[in-house]
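If you want the building blocks of each chain, they are given just below.
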Amino acid sequence: MSTISQFALLFIGGALINNILLTRFIGLCPFFGVSGNMETSMGMSLAVVFVMMMASTATWVVWEFVLAPLGVGEFLYIPAFILIIASLVQFVEMYLRKASPVLYRAMGIFLPLITTNCAVLATATEAAKPGFFKLNIPVGASLSLGQALIYTLGVSIGFGFALITFAALRERLELAAVPRAFKGSPIAFITAGLLSLAYVGFSGWFGL
């Protein structure tokens, strides 16, 4: 398999086949929490793309050159990775507070919650320790930094696309004639379930 084909499959696998939200159901708190508004959904998507890419880069380097060589990775990678992610989220929070106070206030508690967003930690772990979650992606025993970043980019874009799509549907549902008993959270969960079924179909479509 050529390098370009492998990168393409890594990207597609991260974005569609193993979509972090709709096929693995990881990181659902922001998915339901900020998807009621398109602006906050787009802001959260961009923040997650940035944090995931930076976190995967940092955790890959820490794993390859510190934790694995010292033989302490298996029991220290979780606190080490969480510390890296928390530092990056703090940077994003400080930047948004100065650059876009409106977006900072709109995102509210969900911005610092990226620190404990299991989607970011799961992606960083998979990038540093391929095969940890036994995903259906074409990787070997280890990922190069380039492969890890391509996979992470796919995951983060898949996260953002799913979040923005869900936000658009929820805004549309606000204007739809939804039965009173299904308004609010019930119809949101039903819509998320239907989106999830659509994403599950991608696995058969690409033959992965």
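All of the points below concern the structure found in this document. (Residues numbered from 1 in each chain as written. Predicted model: local features only at pLDDT ≥ 70, side-chain atom pairs only at ≥ 80, totals over all residues. Heavy atoms only, no water.)

Summed over the entire model, instances satisfying the criterion amount to eight aromatic pairs. Taking the centre distance of 5.6 Å and the plane angle of 85° together, the rings of phenylalanine 32 and phenylalanine 166 count as edge-to-face. Residue phenylalanine 32 is found in helix H2 (residues 28-33), and its partner phenylalanine 166 is found in helix H7 (residues 145-175); the two are separated by 134 residues along the sequence. Residue phenylalanine 32 is classed as partly exposed on the basis of its relative accessible area, which comes to 22%. Judged by centre distance (6.5 Å) and plane angle (85°), the ring pair of tryptophan 63 and tyrosine 77 falls under edge-to-face. Highlighted residues: tryptophan 63 in helix H3 (residues 38-70) and tyrosine 77 in helix H4 (residues 73-99), separated in sequence by 14 residues. Each member of the pair, tryptophan 63 together with tyrosine 77, is buried. Here the aromatic residues Phe31, Phe32, Phe166 and Phe189 are joined through ring pairs into a cluster of three or more. (Phe/Tyr/Trp six-rings, centres within 6.5 Å; stacked < 30°, edge-to-face > 60°. Helix = DSSP H or I, 4+ residues; strand = E, 2+ residues; numbered from the N terminus. Buried < 20%, exposed > 50% of the residue type's maximum accessible area, 1.4 Å probe, protein only.)

Under the defined criterion, the tally for this structure stands at zero disulfides. Cysteine 29 takes part in no disulfide bond, and the closest cysteine sulfur to it belongs to cysteine 118, at a distance of 6.9 Å. Looking at cysteine 29, the relative accessible area reads 60%, which means it is exposed. The partly exposed category is assigned to cysteine 118, whose relative accessible area is 40%. (Disulfide = S-S within 2.5 Å.)

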